[in-house]
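Topology and contacts: notes
Single-letter residue listing:
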Amino acid sequence: MAQSNDILTVKGLKAYYQMAYFGIEREVRAVDDVTLSIRKNEVYGIAGESSSGKTSLIKVLAAAIRPPLKVVDGSLTYRFGDIEIDPYKAKKEDVDAIRWKHLSYIMQGSMSVLNPVRRIKRSFEDFAFRPMGVPKKEFWERTEAHLRRLNLSPDILRAYPHELSGGMRQRVTIALATVCQPEFIIADEPTTALDVVVQKDVLAMIRDVQQQMGSSVVFVTHDMSVHANMADRIGIVYAGRLVEEGPTRTLFTAPKHPYTSHLVGSLPRIGDTSPKAALEGRPPNLADPPAGCRFHPRCPLAIDKCKTDVPPLVAVGESHRSACWRSDDVKPLATFGQPAEALS
C-alpha cells in the first residue's frame, strides 16, 4: 500500500524485450516483477553490475521505452500534488504534460541530449520553454538565474557543445534537466567517463540541486562508492530483479543478500592490501534465466531450494528487504563504520 510521502509506487512491474527474427520469437526479461516505492525528497540509488537491468528499469520509470522493450505487467504510479498518473495507462498528452515540469531525466552522456550543431541556448529552449509555460523574456530570466544558482555562467548559453569540456557539458545537462524545478529526477550514470575530480564536482552539484528543490532523485550507477556518498536508500538489481533494498548504511554494514555483500566487499580502501574475492561466473542470459534464485549459479551460499524456488523480497529489518533464502547467513565481506569510508 502506498504511503502518503511516496512520490512513486511500483508494483509487480515486468518489462521485456520482445523480438521476432527469422520466425524465431525471443523474450528478454530485463525487468521482472519489480516492486518498490520512492519517497519525496530522497535519493534512491539503483546498483548492480553491467547487464543487470538497471538502465532498462529506469527507462521504464521514465516512460522512455521504445520497441522492442514493452511493459507486459504491473503498475507504476507517480503522485505530483493533485496529479496521480500511471504513464502506461494515461493518455499521451497527459504524460507529455508531466515531462520536464514534474518528471525529468539526466541521460547517460551529455551528447545524448545536447545537439552538436546548435548552441546550448537552443537546447534549453527546445526542452524547457513549453513545459515552463511562461513568456519568453521570463523564461530566459529564470534560466539564467538557475544557471547562476548552479555556479554556471549564463555565457555558456551562447556556446556550442564541442566548445565545452566533458565535465562542463555534464553540468549543463544537469542544469537543463532541473531548470523547470521537477519533483522527480532520474539520473542514468551521469558521471560515466568523467575523471574522479570532475566526478566529485558533478555529484556535489546533483546533491545541491536535490536539496535546494526538495526533489526525489533516482540515481543509477554500478559504482558502490558513489552510492555510499549520494544515496539515502539503495536498491540492488540482479538479472532483472530487485534482490535487496535498504538504507545505505545498512546495506554497507549489514547486507542480507550475498550479491550485495560482494558488491560492497569489492570496494578498495587505503591501506587494505588484502586480495579481493572475485565473484565467479557471469550474469545469466535473461532470455533463458535459471530457475529459482537467478543468483544461485554464482552464490557461495546456494542450497537445493535456491535452484528451484524463487525467494520473495521480504522484510529483514526496518526499511530493509531481501530476496534470499539464507539471508540470516550472509556476512559482510568488508566493514565500514560510515558509508563514506568506502571512498577512503
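So, how was this worked out
Residues numbered from 1 in each chain as written. Predicted model: local features only at pLDDT ≥ 70, side-chain atom pairs only at ≥ 80, totals over all residues. Heavy atoms only, no water. UniProt positions renumbered as here; feature names shortened; annotations may be inferred. Helix = DSSP H or I, 4+ residues; strand = E, 2+ residues; numbered from the N terminus. Expected span 1.5 Å × (residues − 1). Buried < 20%, exposed > 50% of the residue type's maximum accessible area, 1.4 Å probe, protein only. Contact = heavy atoms within 4.5 Å. Phe/Tyr/Trp six-rings, centres within 6.5 Å; stacked < 30°, edge-to-face > 60°. Lys NZ or Arg CZ within 6 Å of the ring centre and 35° of its normal.

As annotated in an unreviewed UniProt entry, the chain is Peptide ABC transporter ATP-binding protein from Pelagibacterium lentulum. According to the UniProt record, the Subcellular location (unreviewed entry) comment for the chain reads "Cell inner membrane". Its UniProt record gives the chain the following Sequence similarities (unreviewed entry) comment, quoted word for word: "Belongs to the ABC transporter superfamily."

Some remarks on helix α3 (residues 120-132)
The terminal C-alpha atoms of α3, which comprises 13 residues, lie 17 Å apart, in line with the 18 Å expected from a rise of 1.5 Å per residue. Turning to α3, its buried residues are Ile120, Ser123, Phe124, Glu125, Ala128 and Met132. For α3, the secondary structure elements touched by its buried residues are α4 (136-149) and α5 (166-178). Directly after α3, the chain includes glycine 133, whose backbone phi takes a positive value near 70°.

Here's the deal with the packing of aromatic side chains
In this structure the tally under the stated criterion is eight aromatic pairs. Put simply, the rings of Tyr78, Phe80 and Phe184 pair up and form one aromatic cluster. The residue whose ring lies beneath lysine 305 is tryptophan 325, and the NZ or CZ to ring-centre distance is 3.8 Å.

Some words on the environment of proline 268
Position of proline 268 among the secondary structure elements: in the loop between α9 (258-265) and α10 (304-308). Since its relative accessible area comes to 59%, proline 268 is described here as exposed. As for proline 268 and phenylalanine 22, which are separated by 246 residues in sequence, their C-alpha atoms are 47 Å apart.

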